[in-house]
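Survey of secondary and tertiary structure
For reference, the chains in residue letters:
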Amino acid sequence: MNDTKGRYRTMIGHRLFWPVAVLVVMLAANTIYRPGFLSIELKDGHLYGSPIDILRLSAPLILVALGMTLVISTGGIDLSVGSVCAISGAMACMYISKQPDQNSLTVVLTALAMALGVALVLGVWNGVLVAVIGIQPIIATLILMVAGRGLAQLITQGQIITINSGPFRAIGLGHLLTLPLAIFIALAAALLVAAFTRRTALGMIIESVGGNAEASRLAGIRSGRVIFLAYVVSAVCAAVAGFMMTANVSSADGNAVGLWVELDAILAVVIGGTSLAGGRFFLSGTILGALIIQTLTTTVYAMNISPQTSLLFKAVVVIAVCLIQAPAFRARFSRRRRSTPPPPRPVADKPKEQVPA
């Protein structure tokens, strides 16, 4: 009995238990509302279904959230990822639209290389402001968040650029081995980040810088370089996500692409168990958090919740998820249950003493 209780507490205390439980509950609710929600079918060699759509639509958010995880683990934050998505998508679509053959693979690769180069510059800009000049991360990235939208509008000249490029469209809508290509891109990025942070000392260095940057510097770690690298990686991840977002609709809108994705990415990181104060980070939890947010968005659309209340509905669910998996909240709740006194037991009447005659 004690072993069973111990295993149960260990399972409940695992950092991935509550995110997985919430994801399962949402999938079950969707299945009850729509019995065919989890059905997957094969058409023309491609898999289709709501679970596949959730994975495909989660890919851009997973990419942005991976970069955000590294930044937050260093004790910072990156509010400019949405603008970087818009700039990279606008740059790629602008170059492709001016070419006579938009279906040329060379043209598409050149466009992607140019946009990634711009994203690298933007990541370097954020890294210099935070790691070299010493500006607070929320202020430094807020600058690019605001100015980046203007830069994206300047690239597109305030217009929605539409292209007709098969290779570029494949980034968001293409298939590989019956599955959407976007899933493999997000998976490759996750494995690459995991390989560098969990199979080398880089992950431990990032966590030490996020825990105490000054102590890490005194221990011989160049904290500034680590923080600088985190912002560069975040910008590159956001650029690839921007390619997916624009490829899904074959157009670039500097004002709409990546709008508020930074907030969803922060939520995904927090739901995954990474603290905003920096230190330890959990890539698997971040991926689960991104899947939860996209499943929640799909649930909102599937249940025909009005757009006016959909954001409020998402906010309530996210708050509930964060509270459920917060150890302090669970401990306080369980302590309150234990402190409730049991109802008093009825006291039997004592027999009257007989007085001797």
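A few points on the structure. Because the structure is a prediction, the values reported are computed rather than measured.

**Section: the nonpolar core**
- Counting residues in each nonpolar core, the largest one holds 81 residues, and the members touching the most others are Val64, Met68, Cys85, Ile96, Phe168, Ile171 and Val261.
- Among all residues touching Met68, those that are not within four sequence positions of it are Ile77, Asp78, Val81, Ser234, Glu262, Ala265, Ile266 and Val269.

**Some words on unusual backbone geometry**
- Of note in the backbone geometry, Asp44 takes a positive phi value of approximately 55 degrees without being a glycine.
- Tracing the backbone shows Asp44 in the loop between strand 1 (41-43) and strand 2 (46-48).
- Look at Asp44 and you get exposed, because its relative accessible area is 77%.
- You will see that Gln157, though not glycine, has its phi angle at about 55 degrees, which is positive.
- When you line up the elements, Gln157 lands in the loop between helix 6 (137-156) and strand 3 (161-162).

**Considerations on the packing of aromatic side chains**
- In the structure shown here, the tally under the stated rule is zero aromatic pairs.
- Its guanidinium or amino end placed over the ring of Phe281, Arg198 lies 4.2 Å from that ring's centre, counting from NZ or CZ.

**A word on the pattern of salt bridges**
- Under the criterion given, the structure shown has three salt bridges.
- Two residues, Glu41 and Lys43, come together in a salt bridge whose shortest N-O distance is 3.5 Å.
- By relative accessible area, Lys43 is classed as partly exposed at 43%.
- Here Glu207 ties to Arg198 by a salt bridge, and the two come within 3.3 Å at their closest N and O atoms.
- For Glu207, a relative accessible area of 16% puts it in the buried group.
- For Arg198, a relative accessible area of 39% gives the class partly exposed.

**Examining helix 9 (residues 202-211)**
- Regarding helix 9, the residues found buried are Gly203, Ile206, Glu207, Val209 and Gly210. Along helix 9, the residues classed as buried sweep out an arc of 160 degrees about the axis, all on the same side. Projecting away from the buried face of helix 9 at angles above 90 degrees are the exposed residues Met204 and Gly211.
- Of the surrounding elements, those touching the buried residues of helix 9 are helix 3 (50-73), helix 8 (181-198), helix 10 (213-218) and helix 11 (223-249).

**Some remarks on helix 5 (residues 105-133)**
- Under the 1.5 Å per step criterion, the end-to-end length of helix 5 is 41 Å for 29 residues, consistent within 8% with the ideal 42 Å.
- A bend of about 30 degrees at Gly127 is the largest found in helix 5.
- Along helix 5, the positions that sit buried rather than exposed are Val107, Val108, Ala111, Leu112, Ala115, Ala119, Leu122, Gly123, Asn126, Gly127, Leu129 and Val130.
- The elements touched by buried residues of helix 5 are helix 4 (81-97), helix 6, helix 7 (166-173) and helix 11.
- Among the residues trailing helix 5, Gly134 stands out with phi positive, at a value near 90 degrees.

**Topic: the packing of helix 3 against helix 8**
- Contact geometry of helix 3 with helix 8 gives a least axis separation of 8 Å together with a crossing angle of 30 degrees. One finds that helix 3 runs roughly parallel with respect to helix 8. Here helix 3 runs over helix 8; the crossing is left-handed. Residues Ile52, Leu55, Arg56, Ala59, Ile62, Leu63, Leu66 and Leu70 of helix 3 lie in contact with helix 8, whose contacting residues are Ala182, Ile183, Ile185, Ala186, Ala189, Ala190, Val193 and Thr197.
- Here the residues of the contact of helix 3 with helix 8 sort into 14 nonpolar, one polar and one charged.

**A look at the packing of helix 3 against helix 11**
- Look at helix 3 against helix 11: their axes get within 8 Å of each other, and the N-to-C directions meet at 170 degrees. On the basis of the axis angle, helix 3 is roughly antiparallel to helix 11. Facing Arg56, Ala59, Pro60, Leu63, Val64, Gly67, Met68, Leu70 and Val71 of helix 3, the residues of helix 11 in contact are Ala230, Tyr231, Val233, Ser234, Cys237, Ala238, Val240, Ala241, Met244, Met245 and Asn248.
- Looking at side-chain class alone, the contact of helix 3 with helix 11 contains 16 nonpolar, three polar and one charged residues.

**A look at a nonpolar patch on the surface**
- A cluster of nonpolar side chains, contributed by Trp125, Ile138, Ile139, Leu142, Ile143 and Val146, occupies part of the molecular surface with about 560 Å² of accessible area.
- By the secondary structure assignment, Ile139 is in helix 6.

Scoring rules and cut-offs
- The written sequence of each chain sets the order in which its residues are numbered from 1.
- For a predicted model such as this one, the threshold for reporting local features is a pLDDT of at least 70, and the threshold for listing and counting side-chain atom pairs is 80 or more; totals across whole chains, interfaces and linings nevertheless cover every residue.
- Excluded from the side-chain calculation are hydrogens and water; included are all heavy atoms of the structure.
- The set of buried Ala, Val, Leu, Ile, Met, Phe, Trp, Tyr and Cys residues whose side-chain atoms join them within 4.5 Å is what this entry labels a nonpolar core.
- A simple rule labels every residue: compare its accessible area, found with a 1.4 Å probe on the protein chains alone, to the largest value its type can have, and call it buried under 20%, exposed over 50%, or partly exposed in between.
- In this analysis, two residues are considered to be in contact whenever any of their non-hydrogen atoms come within 4.5 Å of each other.
- The helix and strand labels rest on DSSP assignments: H or I over at least four residues marks a helix, E over at least two residues marks a strand, and numbering proceeds from the N terminus.
- The aromatic pairing rule takes the rings of Phe, Tyr and Trp, using the six-membered ring of Trp, and pairs them if the centres are within 6.5 Å, calling planes under 30 degrees apart stacked, those over 60 edge-to-face and the rest tilted.
- Placement of a charge over a ring requires the Lys NZ or Arg CZ to be within 6 Å of the ring centre, with the centre-to-atom vector within 35 degrees of the ring normal.
- Should a side-chain nitrogen of Lys or Arg be within 4 Å of a carboxyl oxygen of Asp or Glu, the pair is scored as a salt bridge.
- Each direction from the helix axis to a C-beta atom contributes to the arc, which is the arc of those directions.
- Expected helix span is taken as 1.5 Å per residue step, with the number of steps being one fewer than the number of residues.
- Think of it this way: the bend at a residue is just the angle between two axes, each fitted to seven residues, one set ending at that residue and the other starting at it.
- Angles shown run from 0 to 180 degrees and are taken between the N-to-C directions of axes, each axis being a line fitted to C-alpha atoms and, for helices, limited to the stretch in contact.
- For this classification, under 35 degrees means roughly parallel, over 145 means roughly antiparallel, 65 to 115 means roughly perpendicular, and everything else is oblique.
- Whether a crossing is left-handed or right-handed is set by the direction in which the near helix is turned from the far one by less than a right angle, anticlockwise for left-handed and clockwise for right-handed.
- Throughout, the ten residues Ala, Val, Leu, Ile, Met, Phe, Trp, Tyr, Cys and Pro are labelled nonpolar, Asp, Glu, Lys and Arg are labelled charged, and all others, Gly among them, are labelled polar.
- Residues qualify for a patch when their relative accessible area is over 30% and they have no salt bridge, like charges being joined within 9 Å and the nonpolar side chains of Val, Leu, Ile, Met, Phe, Trp and Tyr within 5 Å.
- Methods summary: accessible areas were calculated by the Shrake-Rupley approach with a probe of 1.4 Å, and residue burial reflects only the protein chains presented.

Purely geometric stuff here, so don't read any function into it on its own.
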